[in-house]
Amino acid sequence: MSVRKQLVLMATVVFGALGNVSLSHGMKQIGAISAARWTEAVSALLNPWVALGVLLLLAFFAAYLSSLSWADLSYVLPATSLGYVLLALLAQWWLHENVTPRRWVGILLISCGVAVVSRAPALTRKSRPEAAQAEVEVTVNS
């Protein structure tokens, strides 16, 4: 995989984790809102941390779309799940959340799965039955 593609995957991980942590930080400042009063959710966008989180998640989405354009979903999603590790670290250090040993074990299992998936090709070639059939017909007719 090229360096450029690795950078896109890394950007997906970083933007996703930072965006979610920023949203969480901003929403903790705002407090509980309810779906019944949707105007509170709209006004939450005025909080700088929430706005930053939205912008970072838009950057995440752009990088995610880019990666899906050249790799299979079954490769991209596990590869970007390394963001769970970064997210847990940021939640513990920046948001002062208690990340329990059980959560760390779960994150370790996810990371092991990522290691397995990363050894596979990023894009699988699709077999096209109609193309194979056309080759057979050409061979028979020749």
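Residues numbered from 1 in each chain as written. Predicted model: local features only at pLDDT ≥ 70, side-chain atom pairs only at ≥ 80, totals over all residues. Heavy atoms only, no water.

### Describing the overall build of the protein
Stage number 1. Looking only at helices and strands, the protein features seven helices and zero strands.
Stage number 2. The buried share among the 142 residues of the protein stands at 25%.
Stage number 3. Of all intrachain contacts in the protein linking residues separated by at least 6 positions in sequence, the fraction that spans at least 24 positions is 73%.
Stage number 4. If you sum the accessible surface of the protein, you get close to 9700 Å²; carbon and sulfur atoms cover 68% of it. (Helix = DSSP H or I, 4+ residues; strand = E, 2+ residues; numbered from the N terminus. Buried < 20%, exposed > 50% of the residue type's maximum accessible area, 1.4 Å probe, protein only. Contact = heavy atoms within 4.5 Å. Areas by Shrake-Rupley, 256 points an atom, 1.4 Å probe, with all protein chains shown as cover.)

### Some details on the packing of helix 4 (residues 73-80) against helix 6 (residues 101-118)
Stage number 1. Where helix 4 meets helix 6, the closest approach of the two axes is 9 Å, and the angle between their N-to-C directions is 140°. By the angle class used here, helix 4 and helix 6 are oblique. Remark: the crossing between helix 4 and helix 6 carries left-handed chirality. Across the interface between the two elements, Ser 74, Tyr 75, Pro 78 and Ala 79 from helix 4 touch Val 114, Val 117 and Ser 118 from helix 6. (Axes fitted to C-alpha atoms, helices over the stretch in contact; angles between N-to-C directions. Parallel < 35°, antiparallel > 145°, perpendicular 65-115°, else oblique. Left-handed = near helix turned anticlockwise from the far one by under 90°.)

### Focus on the pattern of salt bridges
Stage number 1. This model, assessed by the stated rule, comprises one salt bridge.
Stage number 2. A salt bridge links Lys 28 to Glu 97, with the nearest nitrogen and oxygen atoms 2.7 Å apart. Within this pair, whereas Lys 28 is found in helix 1 (residues 3-30), its partner Glu 97 is found in the loop between helix 5 (83-93) and helix 6, the two being separated by 69 residues in sequence.
Stage number 3. By relative accessible area, which is 29% here, Glu 97 ends up partly exposed. (Salt bridge = Lys/Arg side-chain N within 4 Å of Asp/Glu carboxyl O.)

### Remarks on the packing of helix 3 (residues 48-70) against helix 4
Stage number 1. Relative to each other, helix 3 and helix 4 sit at 140°, their axes nearing to 9 Å. If you check the angle between helix 3 and helix 4, you find them oblique. Seen along the crossing, helix 3 lies across helix 4 with a hand that is right-handed. Each of Tyr 64, Ser 67 and Leu 68 in helix 3 lies in contact with helix 4, whose residues at this interface are Leu 73, Val 76, Leu 77 and Thr 80.
Stage number 2. In the contact of helix 3 with helix 4, the residues fall into five nonpolar, two polar and no charged. (Nonpolar A, V, L, I, M, F, W, Y, C, P; charged D, E, K, R; others polar.)

### Considering the side chain of Ser 81
Stage number 1. As for its position among the elements, Ser 81 is in the loop between helix 4 and helix 5.
Stage number 2. Residues in contact with Ser 81, not counting those within four places in the same chain, are Ile 110 and Val 114.

### Quick look at the confidence of the model for the protein
Stage number 1. Chain-level pLDDT for the protein is 85 on average; 88% of the residues reach the 70-or-more range.
Stage number 2. When the elements of the protein are averaged for pLDDT, helix 7 (residues 129-141) gives the smallest value, 52, and helix 3 the largest, 95. (pLDDT = per-residue confidence, 0-100.)

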